[in-house]
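Each chain, letter by letter, is given below.
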Amino acid sequence: MDADALRDDVRDAVVEQIGDPGQGILILDETGFLKKGVKSAGVARQYSGTAGRIENCQVGVFLAYGSDRGRALIDRELYVPKDWFADRERCRAAGIGDDVEFAIKPDMGLRMLERAVESGIQFGWVAADEVYGETSRIRLWLEDRDISHVVAVPKSQMAMVMEFFGQACAPQLVGELPDDAWARVSCGDGAHGPREYDWAAAPVRPWRREGRDHWLLARRSLTDPADIAYCICFCPEGTSLEELAQLAGSRWMVEGCFQTARNETGLDHYQVRGYTAWYRHTTLSMAALAFLALLRAQAERGTRTPAAINLSSPSP
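Residues numbered from 1 in each chain as written. Predicted model: local features only at pLDDT ≥ 70, side-chain atom pairs only at ≥ 80, totals over all residues. Heavy atoms only, no water.

**Digging into the overall build of the protein**
Stage number 1. In terms of regular secondary structure, the protein is built from nine helices and twelve strands.
Stage number 2. Taking 2.2 N^0.38 as the reference for a compact globule, 316 residues should give roughly 20 Å; the C-alpha atoms of the protein span a radius of gyration of 20 Å, in line with that estimate.
Stage number 3. Along the first, second and third principal axes, the C-alpha atoms of the protein reach 60 × 55 × 40 Å.
Stage number 4. By sequence separation, contacts in the protein at least 24 residues apart represent 63% of the contacts at least 6 residues apart.
Stage number 5. Here the protein has roughly 15200 Å² of accessible surface; of this, 49% comes from carbon and sulfur atoms.
Stage number 6. Charged side chains of the protein number 36 positive and 46 negative; the gap between the two group centres comes to 6 Å. (Helix = DSSP H or I, 4+ residues; strand = E, 2+ residues; numbered from the N terminus. Rg over C-alpha atoms; globule rule 2.2 N^0.38 Å. Contact = heavy atoms within 4.5 Å. Areas by Shrake-Rupley, 256 points an atom, 1.4 Å probe, with all protein chains shown as cover. Lys, Arg positive; Asp, Glu negative; His and termini not counted. Charge placed at Lys NZ, Arg CZ, Asp CG, Glu CD.)

Structure representation (C-alpha cells):
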C-alpha cells in the first residue's frame, strides 16, 4: 500500500465533500500513543497530551480539515525524538531509513501545511496549538502566502506594540485593555452546551499589509479570571471579535477527530512497531474516519450515495 498516495486521496475526497473556500479551516495538533518497550519507531518518555503527563509513548503530528459540514484528519507525521538519530542501528531496526532526518514538531506541521497548499485545496483559515503557533516561521510562512490564521501562543509570547515599535508580553498587552474591551462570546458547542468565555483583542504589529489586521486575542475563563489563554491572529481587516473567537474555538474540531478515530476507526489500536507500518495503519484509520465524516455530511444533505475514497493505489 502506498500510504502517501492514499493520504492524498483522503485529503482530496474530504475537501471535495466538506470543503469551504471561505471558512474551511486547517488545524495542526498532535496526539500521543501509549506504548510499552523501546522498539516501536519513535517511542520515548515524552509528554503525551492524551495522558496529560510524560509517558512512554509515540507522538503523531496531524493536520485536520474542518468546516460547518464536517471534520476529518487529512495528513500525519510520526515524531521521532532526536535521541533516536544518535543510534542509526536502532533506527534501521525500526524501519527508519538513513534518509529520515530529525525534525521538530513545528517543522513537521509546516511540512504538512506546505503539502496542503501545494495540492490546491480550498480553505480560508489555519488554526494551531501553541506548540506550532509560537513558532514564528510558521506564522511568517502563512503571512507570506496571505493565509489568515488564528494560532495559540503561550503567555510568554512577545508582540510588537502599536506605539514606538516596542515589544510587550501577552499578559501586559491584554492587561492594559479597558474593561469594556471584553465581550462574552460562545466559541462553539461542547459536550455540556455552549463554550462561553470572555474575549478581548489588542492590536499588534503597526506595519501590516493593506486590508489585513494583526491582533493578540485573549480568552478569559468565566470561573477563574486569572486563567487567560492567547492567540495571534492575522486576518482580513474588519474581522469581528466574535468571528475570531469562533475560529479560535474551532481548533477543538481536531480533538473531536482524535476521539472519533480512537473510538471508531482504531487510530490507537495497533501492535506494529515499524516506521512504515505506523504510517500505513494511521492512514487507513484516517481513511475510515473520512468515510464516516462524508457519510454524515451526505446524510445531512440528503444524498444517497456515499463519497468514494480511492483505495486502489498500487503498492510501492
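Now that the structure is up, let's keep going.
**Some remarks on empty space enclosed by the protein**
Stage number 1. A complete count under the given rule lists one cavity of 30 Å³ or more for this structure.
Stage number 2. A volume near 30 Å³ is recorded for the largest cavity.
Stage number 3. As for the largest cavity, its lining consists of R7, R11, L63, I74, D75, M112, R115 and A116.
Stage number 4. When contributions to the lining of the largest cavity are tallied by element, the ones reaching two or more residues are α1 (3-18), β4 (70-79) and α3 (105-119).
Stage number 5. The greatest single-element share of the lining of the largest cavity, amounting to three residues, is contributed by α3. (1 Å grid on protein atoms, 1.4 Å probe; cavity = no way out; pocket = protein on both sides within 12 Å on 5 of 7 lines; lining within 4 Å. Points joined across faces, edges and corners; volume = space filled by probe spheres on them.)

**Quick look at the layout of surface pockets**
Stage number 1. For the largest pocket, the calculated volume is near 940 Å³.
Stage number 2. Lining the largest pocket are 33 residues, with S67, D68, G70, R71 and M253 sitting closest to its centre.
Stage number 3. Residue assignment for the lining of the largest pocket shows that the elements contributing at least two residues are β3 (53-67), β4, β9 (183-190), β10 (193-203), α7 (241-249), α8 (253-264) and α9 (275-301).
Stage number 4. Ranked by residue count, the leading element in the lining of the largest pocket is α9, at six residues.
Stage number 5. Residues belonging to the lining of the largest pocket are distributed by class as follows: twelve nonpolar, eleven polar and ten charged.
Stage number 6. Approximately 470 Å³ is the volume found for the second largest pocket. (Nonpolar A, V, L, I, M, F, W, Y, C, P; charged D, E, K, R; others polar.)

**Some words on helix α5 (residues 136-144)**
Stage number 1. Those residues of α5 that fall on the buried side of the exposure criterion are I138, R139, W141, L142 and E143.
Stage number 2. Downstream of α5 by a residue or two, D146 has a phi angle that is positive, lying close to 55 degrees. (Buried < 20%, exposed > 50% of the residue type's maximum accessible area, 1.4 Å probe, protein only.)

**Overview of the packing of aromatic side chains**
Stage number 1. Using the criterion set out here, one finds nine aromatic pairs in the structure.
Stage number 2. Three or more aromatic residues link up through ring pairs in this structure, and these residues are F33, F62, F258, Y270, Y275, W278 and Y279.
Stage number 3. Over the aromatic face of Y79 sits the side chain of K105, whose NZ or CZ is 5.0 Å from the ring centroid.
Stage number 4. Directly above the aromatic system of W182 lies the positively charged group of R220, at a separation of 4.0 Å from the ring centroid. (Phe/Tyr/Trp six-rings, centres within 6.5 Å; stacked < 30°, edge-to-face > 60°. Lys NZ or Arg CZ within 6 Å of the ring centre and 35° of its normal.)

**Here we look at the packing of α1 against α9**
Stage number 1. One way to put it is that α1 packs onto α9 with a least axis distance of 10 Å and a crossing angle of 15 degrees. On the basis of the axis angle, α1 is roughly parallel to α9. You can see that α1 and α9 cross each other, and the crossing is left-handed. Along the contact surface, α1 presents A3, L6, R7, V10, A13, V14, Q17 and I18, while α9 presents Y279, R280, T283, L284, M286, A287, A290, L294, A297, Q298 and R301.
Stage number 2. Split into classes, the residues belonging to the contact of α1 with α9 amount to 13 nonpolar, three polar and three charged. (Axes fitted to C-alpha atoms, helices over the stretch in contact; angles between N-to-C directions. Parallel < 35°, antiparallel > 145°, perpendicular 65-115°, else oblique. Left-handed = near helix turned anticlockwise from the far one by under 90°.)

**Details of a nonpolar patch on the surface**
Stage number 1. Side chains of F291, L292 and L295 sit close together on the surface and give an oily, nonpolar patch of about 220 Å² of accessible area.
Stage number 2. If you trace the backbone, L292 turns up in helix α9. (Patch = residues over 30% accessible without salt bridge, like charges linked within 9 Å, V, L, I, M, F, W, Y side chains within 5 Å. Salt bridge = Lys/Arg side-chain N within 4 Å of Asp/Glu carboxyl O.)

**Describing the environment of L241**
Stage number 1. Among the secondary structure elements, L241 is positioned in helix α7.
Stage number 2. Here L241 falls in the buried class, since its relative accessible area comes to 19%.
Stage number 3. Sequence separation between L241 and A181 is 60 residues, and the spatial gap between their C-alpha atoms is 10.0 Å.
Stage number 4. Beyond its immediate stretch of four places on either side in the chain, L241 contacts A181, A183, W199, A200, A201 and L217.

**Looking at α8**
Stage number 1. Over its twelve residues, α8 extends 16 Å from the first C-alpha to the last, a length consistent with the 16 Å expected when each residue adds 1.5 Å.
Stage number 2. Following α8 by one or two positions, G266 has its phi on the positive side, about 70 degrees. (Expected span 1.5 Å × (residues − 1).)

**Considerations on the environment of W199**
Stage number 1. You can see W199 is positioned in strand β10.
Stage number 2. With relative accessibility at 2%, the residue W199 sits in the buried group.
Stage number 3. Sequence separation between W199 and Q298 is 99 residues; the distance between their C-alpha atoms is 35 Å.
Stage number 4. In this view, W199 contacts A181, W182, A183, V185, C187, L217, A218, R219, L241, A245 and A248; residues no more than four positions away in its chain are not counted.

**Some words on the environment of G95**
Stage number 1. Note that G95 resides in the loop between α2 (88-93) and α3.
Stage number 2. On the basis of relative accessible area, G95 is assigned to the partly exposed category, the value being 39%.
Stage number 3. Separated by 54 residues in the primary sequence, G95 and A41 place their C-alpha atoms 7.4 Å from one another.

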